Amino acid sequence: MRRLYPTASPDVGAAEAVAVERKPPDERPWVMLNMISSVDGAAAVEGKSGGLGSQADHQIFHELRGLADVILVAAGTVRAEGYGPARPDPKTREARVARGQAEAPPIAVITGSLNLDWSSPFFAQAESQPIVITAPEADAERLTQARENADVIALGGEVIDFAAALGALRGRGHELALLEGGPSINNILYGLDLIDELNLTFAPTLLGGDPIRILRGAALPEAQGLKLQQVLEQDSYLFLRYVRPQ
Ligand SMILES: NC(=O)c1ccc[n+]([C@@H]2O[C@H](COP(=O)([O-])OP(=O)(O)OC[C@H]3O[C@@H](n4cnc5c(N)ncnc54)[C@H](OP(=O)(O)O)[C@@H]3O)[C@@H](O)[C@H]2O)c1
């Protein structure tokens, strides 16, 4: 990839592209969101994001996963994309262990319904115990099943208290969380001011129609200003990193 901003550089690897100092707040992990969009704003092609990707995009996805203490994802995306557990390559595992992290990051899935397949590889073959983030007043029978298959964080009441749930992740020692979407949870967490960083890949594609965007749901209480930190390019794909202005 070539870096276009803040300083021009002709050859930047994916590991270098994602390496930046991040300062987690005391009360929760630093939350970095990673999303891909077509130039006209589509976040999915036929219900999945895979059709938008490129080799460099996949490399950035894997490098961000490699850095994360925990991966956060909402149940809609787990079901749509058929999520499995994280499986870092040997080099990433080595780097993680050297940094004092688990070889593979746990994945925390956000769900109200607890409509998840407990026998799927996501739960049954995970190296790091999966985490389920839900509301304490979720269906009692499903909550029992969840507790048999995952580390359950149930905070709030009828609805999840997301700030408290992120606090519980911090309490488990997780300082850096990678949020992988999807658009509904992105909207909620941006609305609560709980996302610190946005890694956005722009795929050089126009799709038209009326697809979902990287955020969807109610309008945010206030427009979220973003500060551009980096722009990279490869094969007409743009890789942007934004942070919240401090
Ligand atoms: N372009 C990209 O980079 C990218 C990335 C990720 C996903 N996607 C695409 O986005 C689509 C999925 O996104 P989506 O917006 O439909 O779903 P989503 O945000 O992935 O998941 C929504 C689900 O999260 C849970 N949830 C959300 N808010 C909650 C709350 N306040 N309390 C409890 N649970 C809550 C609910 O799960 P339950 O139903 O279990 O209660 C809800 O159905 C797919 O097409 C996927 O391919 C694209």
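Residues numbered from 1 in each chain as written. Predicted model: local features only at pLDDT ≥ 70, side-chain atom pairs only at ≥ 80, totals over all residues. Heavy atoms only, no water.

1. Digging into the site of the ligand
Right, on to step 1. In the vicinity of the ligand, 28 residues are found, and the nearest of them are Ala43, Thr77, Glu81, Ser184 and Arg216.
Right, on to step 2. Gly47 is positioned such that a nitrogen or oxygen atom in its backbone is 2.8 Å from an oxygen atom of the ligand.
Right, on to step 3. Within the side chain of Thr77, an N or O atom sits 2.6 Å from an oxygen atom of the ligand.
Right, on to step 4. Protein chains shield 81% of the accessible area of the ligand, which is 930 Å² for the free molecule.
Right, on to step 5. The set of elements that each furnish at least two residues to the shell around the ligand consists of β2 (30-38), α3 (75-81) and α8 (183-191).
Right, on to step 6. Classifying every residue of the shell around the ligand by side-chain character gives 14 nonpolar, nine polar and five charged. (Near = heavy atom within 4 Å. Polar contact = N/O pair within 3.5 Å; in protein donor to acceptor, adjacent residues only side chain to side chain. Areas by Shrake-Rupley, 256 points an atom, 1.4 Å probe, with all protein chains shown as cover. Helix = DSSP H or I, 4+ residues; strand = E, 2+ residues; numbered from the N terminus. Nonpolar A, V, L, I, M, F, W, Y, C, P; charged D, E, K, R; others polar.)

2. Topic: the environment of Ala165
Right, on to step 1. Tracing the chain through its elements places Ala165 in helix α7 (residues 162-171).
Right, on to step 2. Taking relative accessible area as the criterion, Ala165 reaches 2% and is therefore assigned buried.
Right, on to step 3. If sequence neighbours within four positions are ignored, Ala165 has contacts with Ile133, Ile153, Leu155 and Ile160. (Buried < 20%, exposed > 50% of the residue type's maximum accessible area, 1.4 Å probe, protein only. Contact = heavy atoms within 4.5 Å.)

3. Overview of the packing of aromatic side chains
Right, on to step 1. A complete count under the given rule lists three aromatic pairs for this structure.
Right, on to step 2. Measuring from centroid to centroid gives 4.9 Å for Phe122 and Phe123, while their planes differ by 75°, and the two rings are edge-to-face. Accessibility assignment for this pair places Phe122 and Phe123 in one class, buried.
Right, on to step 3. Joined through ring pairs, the aromatic side chains of Trp118, Phe122 and Phe123 make up one cluster. (Phe/Tyr/Trp six-rings, centres within 6.5 Å; stacked < 30°, edge-to-face > 60°.)

4. With respect to the sheet that holds strand β6 (residues 151-154)
Right, on to step 1. Across the sheet, which stays open at both edges, the ten strands sit in the order β1-β9-β10-β8-β2-β7-β3-β4-β5-β6 with mixed pairing between neighbours. Looking along the sheet, the strands with just one partner apiece sit at the ends: β1 (2-5) and β6. Each neighbouring strand pair of the sheet contributes to a mean axis angle of 20°, computed without reference to strand direction.
Right, on to step 2. Of the strand pairs in this sheet, strand β5 (residues 131-134) and β6 are connected by four bridges, and their pairing is parallel. Each bridged residue has a counterpart across the sheet, and for Ile131 the counterpart in β6 is Asp151.
Right, on to step 3. Packed on one face of the sheet, helix α2 (residues 55-67) meets β2, β3 (70-74), β4 (107-110), β7 (176-179), β8 (197-203), β9 (227-234) and β10 (237-243) and runs near 165° to β2. (Pairing = 2+ DSSP bridges. Axes fitted to C-alpha atoms, helices over the stretch in contact; angles between N-to-C directions.)

5. Considerations on α2
Right, on to step 1. Helix length check: α2 (13 residues) gives 19 Å between terminal C-alpha atoms against 18 Å at 1.5 Å per residue, within 8%.
Right, on to step 2. Buried within α2 are the following residues: Ala56, Asp57, Ile60, Leu64, Arg65 and Gly66. (Expected span 1.5 Å × (residues − 1).)

6. Description of the nonpolar core
Right, on to step 1. The biggest cluster of nonpolar side chains holds 39 residues, and the ones touching the most others in it are Met1, Val109, Phe123 and Val132.
Right, on to step 2. Ranked by size, the runner-up nonpolar core spans 32 residues in total, among them Ala165, Ile185, Leu194 and Leu215. (Core = buried A, V, L, I, M, F, W, Y, C linked by side-chain atoms within 4.5 Å.)

7. Observations concerning the pattern of salt bridges
Right, on to step 1. Counted under the stated rule, the structure contains twelve salt bridges.
Right, on to step 2. Glu127 is the salt-bridge partner of Arg87, the closest N and O atoms lying 3.3 Å from each other. One end of the pair, Arg87, is in the loop between α3 and α4 (90-98); the other, Glu127, is in the loop between α5 (121-124) and β5, with 40 residues separating them in the sequence.
Right, on to step 3. The class for Arg87 is partly exposed, based on a relative accessible area of 45%.
Right, on to step 4. In this structure, the salt-bridge partner of Glu175 is Arg170, at a minimum N-O distance of 3.3 Å.
Right, on to step 5. It is possible to trace a salt-bridge network through shared partners that takes in Arg28, Asp193, Asp196 and Arg244. (Salt bridge = Lys/Arg side-chain N within 4 Å of Asp/Glu carboxyl O.)

8. Notes on the environment of Asp139
Right, on to step 1. Within the secondary structure, Asp139 sits in the loop between β5 and α6 (140-149).
Right, on to step 2. Placed 27 residues apart in sequence, Asp139 and Gly112 show a C-alpha to C-alpha distance of 8.8 Å.
Right, on to step 3. A distance of 3.2 Å separates a polar side-chain atom of Asp139 from the backbone nitrogen of Glu141.

Note that all results are geometric; they support no functional claim without further evidence.
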